[in-house]
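Residues per chain, in single letters:
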Amino acid sequence: AQSVAQPEDQVNVAEGNPLTVKCTYSVSGNPYLFWYVQYPNRGLQFLLKYITGDNLVKGSYGFEAEFNKSQTSFHLKKPSALVSDSALYFCAVRDPDSGGYQKVTFGIGTKLQVIP
Amino acid sequence: DTEVTQTPKHLVMGMTNKKSLKCEQHMGHRAMYWYKQKAKKPPELMFVYSYEKLSINESVPSRFSPECPNSSLLNLHLHALQPEDSALYLCASSQGSTAPQYFGPGTRLTVL
């Protein structure tokens, strides 16, 4: 079974400071990992993914994430936070060995609040 | 075109009504999904269609009935819903096992 944990319900960061939103996962094989962002009353927007290759992946809006296999983590980062980054962030995992066409498991979400 | 559209944006219905939610994508994606999302919770998978065939049903009550008329369209037929079914219903599509899902803006459903 696949699972993903986001240990923080909320992360507060000052505008201009670096931000990190944490995610750890559990799968039986090599994971496919994704980050999505959701603004109020909207659908989820894809930010970035890790499938294979370089452990540091870059995505939309200046976000990046680092895959760490030994720590089973995939933390989302941004060097300088903007107020407009304030939203709900979801980490998601798919175990390619789990069967079922593209069934992904989402974390519970982390609310990011960027303070002006 | 990287957009998934959903109609209506808002829907209020009584417990005896029959209504439908619609979803459309023109990205050539072969997998389409319905999710239910409660406030401040992650999306919960309901159904997955792969190549226009239902491939996953996450034990959803029969008062929700999905339909995929063609590769671009996905419907969710609603009948005899309960107030606890009130939620944001999200449609998504994707192409390939390593591809991300693209989500529509959702339909906010209220069951009275």
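See the structure printed just above.
Here we summarise the structure given alongside this text. The shown structure was predicted, so the numbers you read here are calculated from the model rather than taken from an experiment.

What follows covers the overall build of chain B. Counting secondary structure elements, chain B contains zero helices and eleven strands. Along chain B, from the amino end to the carboxyl end, the secondary structure elements read β-β-β-β-β-β-β-β-β-β-β. Against the compact-globule benchmark of 13 Å for 112 residues, chain B has a radius of gyration of 13 Å, which places it among compact chains. Dimensions along the principal axes, computed over C-alpha positions, put chain B at roughly 40 × 25 × 20 Å. A buried classification covers 48% of the 112 residues belonging to chain B. Long-range contacts, defined as pairs at least 24 residues apart, comprise 53% of the intrachain contacts of chain B with a sequence gap of at least 6. Within the structure as shown, chain B displays about 5,300 Å² of accessible surface, and the carbon and sulfur contribution to it stands at 50%. Charge-centre separation for chain B: the mean point of 12 positive side chains lies 6 Å from the mean point of 9 negative side chains.

Here the focus is unusual backbone geometry. Between Thr7 of chain B and Pro8 of chain B the backbone carries a cis peptide bond, its omega angle lying at -10°. The topology assignment puts Pro8 of chain B in the loop between β1 (4-7) and β2 (10-13). Although it is not a glycine, Thr72 of chain A adopts a positive phi angle of roughly 45°. Mapped onto the elements, Thr72 of chain A comes out in the loop between β8 (64-68) and β9 (73-78). Taking the relative accessible area as the measure of exposure, Thr72 of chain A reaches 31% and is therefore partly exposed. The backbone of Lys40 of chain B sits at a positive phi, close to 60°, despite the residue not being glycine.

Moving on, we get to the packing of aromatic side chains. Each aromatic ring pair is characterised by the separation of its centres together with the angle its planes make. Here the structure, examined in full by the defined rule, presents 14 aromatic pairs over all chains. With centroids separated by 5.7 Å and ring planes inclined at 55°, the aromatic side chains of Tyr36 of chain A and Phe106 of chain A adopt a geometry described as tilted. Placement of the pair is Tyr36 of chain A in strand β5 (residues 32-38) and Phe106 of chain A in strand β11 (residues 105-106), with a sequence separation of 70 residues. When sorted by exposure, Tyr36 of chain A lands in the same class as Phe106 of chain A, which is buried. A ring pair is formed by Tyr50 of chain A and Phe74 of chain A, whose centres lie 6.5 Å apart and whose planes are at 55°; its orientation type is tilted. Residue Tyr50 of chain A is located in strand β6 (residues 44-50), and its partner Phe74 of chain A is located in strand β9; the two are separated by 24 residues in the primary sequence. In this pair, the class of Tyr50 of chain A matches that of Phe74 of chain A, namely buried. An aromatic cluster of at least three residues, connected via ring pairs, comprises Phe34, Tyr36, Phe46, Phe90 and Phe106 of chain A together with Tyr33, Tyr35 and Phe103 of chain B.

Rules behind the numbers
- Residues numbered from 1 in each chain as written.
- Chains lettered and ligands numbered in written order.
- Predicted model: local features only at pLDDT ≥ 70, side-chain atom pairs only at ≥ 80, totals over all residues.
- Heavy atoms only, no water.
- Helix = DSSP H or I, 4+ residues; strand = E, 2+ residues; numbered from the N terminus.
- Rg over C-alpha atoms; globule rule 2.2 N^0.38 Å.
- Buried < 20%, exposed > 50% of the residue type's maximum accessible area, 1.4 Å probe, protein only.
- Contact = heavy atoms within 4.5 Å.
- Areas by Shrake-Rupley, 256 points an atom, 1.4 Å probe, with all protein chains shown as cover.
- Lys, Arg positive; Asp, Glu negative; His and termini not counted.
- Charge placed at Lys NZ, Arg CZ, Asp CG, Glu CD.
- Phe/Tyr/Trp six-rings, centres within 6.5 Å; stacked < 30°, edge-to-face > 60°.

By themselves these figures say nothing about function.
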